[in-house]
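Each chain is listed here by its residues.
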Amino acid sequence: MKNFDMDADTKQMLQEISATMGVKSEIVREVWEFTIFTILLKVAENPDKAQHINIPYFGHILLRNNGLIKDENGKETLDLDPLVAVSDNFKTL
């Protein structure tokens, strides 16, 4: 997926997962990209409603859409308010 920018922190995290699990970093990257893409599709399907997103093994994120905002170049992006709830299982781990 071309539109996913990878900053240094993301690259390092994906490399650490790859090294720890013995899985190619390309596969780790693709899993994360498709996870994020699935979340974006869910938000796009109902842009006027808050979206409840389950992040496996981590918890839930509620995304509330406040509409579009424009940056200094006139590019429109979503103004989302996130509410994160970490699962009890994650806290125990």
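What you see is a predicted model; the values in this text were computed from it and never measured. (Residues numbered from 1 in each chain as written. Predicted model: local features only at pLDDT ≥ 70, side-chain atom pairs only at ≥ 80, totals over all residues. Heavy atoms only, no water.)

### A word on the pattern of salt bridges
Pairing is possible between side chains that carry opposite charge, provided their charged atoms lie close to one another. Across all of its chains, the model carries 4 salt bridges by this definition. Among the salt bridges present, the one from Glu26 reaches Arg29, with a minimum N-O distance of 2.4 Å. Taken together, the positions of Glu26 and Arg29, both in helix H2 (residues 25-45) and 3 residues apart, correspond to about one turn of that helix. The buried category is assigned to Arg29, whose relative accessible area is 18%. Among the salt bridges present, the one from Asp88 reaches Lys91, with a minimum N-O distance of 4.0 Å. A residue pair is termed a helical-turn pair when its members lie 3 or 4 positions apart in one helix, as Asp88 and Lys91 do in helix H3 (residues 88-92) at 3 residues. (Salt bridge = Lys/Arg side-chain N within 4 Å of Asp/Glu carboxyl O. Helix = DSSP H or I, 4+ residues; strand = E, 2+ residues; numbered from the N terminus. Buried < 20%, exposed > 50% of the residue type's maximum accessible area, 1.4 Å probe, protein only.)

### With respect to the pairing of strand S2 (residues 59-70)
Bridge count for strand S1 (residues 51-55) against S2 is 5 bridges, and the pairing is antiparallel. Following the sheet pairing, Ile55 is matched in S2 by Gly59. Hairpin connection between S1 and S2: a loop of 3 residues separates the two successive antiparallel strands, and Tyr57 in this loop has a positive phi of roughly 70°. Linking two consecutive strands that pair antiparallel, namely S2 and strand S3 (residues 76-86), is a turn of 5 residues; a positive phi of about 85° is found at Gly74 within it. (Pairing = 2+ DSSP bridges.)

### Examining a nonpolar patch on the surface
On the surface, Met13, Trp32, Ile36 and Leu40 cluster together to form a nonpolar patch covering roughly 350 Å² of accessible area. For the nonpolar patch, the element with the most residues is H2, which contributes 3 residues. Summarising the element assignment, Leu40 is placed in helix H2. Note on Leu40: relative accessible area 47%, which makes it partly exposed. (Patch = residues over 30% accessible without salt bridge, like charges linked within 9 Å, V, L, I, M, F, W, Y side chains within 5 Å. Areas by Shrake-Rupley, 256 points an atom, 1.4 Å probe, with all protein chains shown as cover.)

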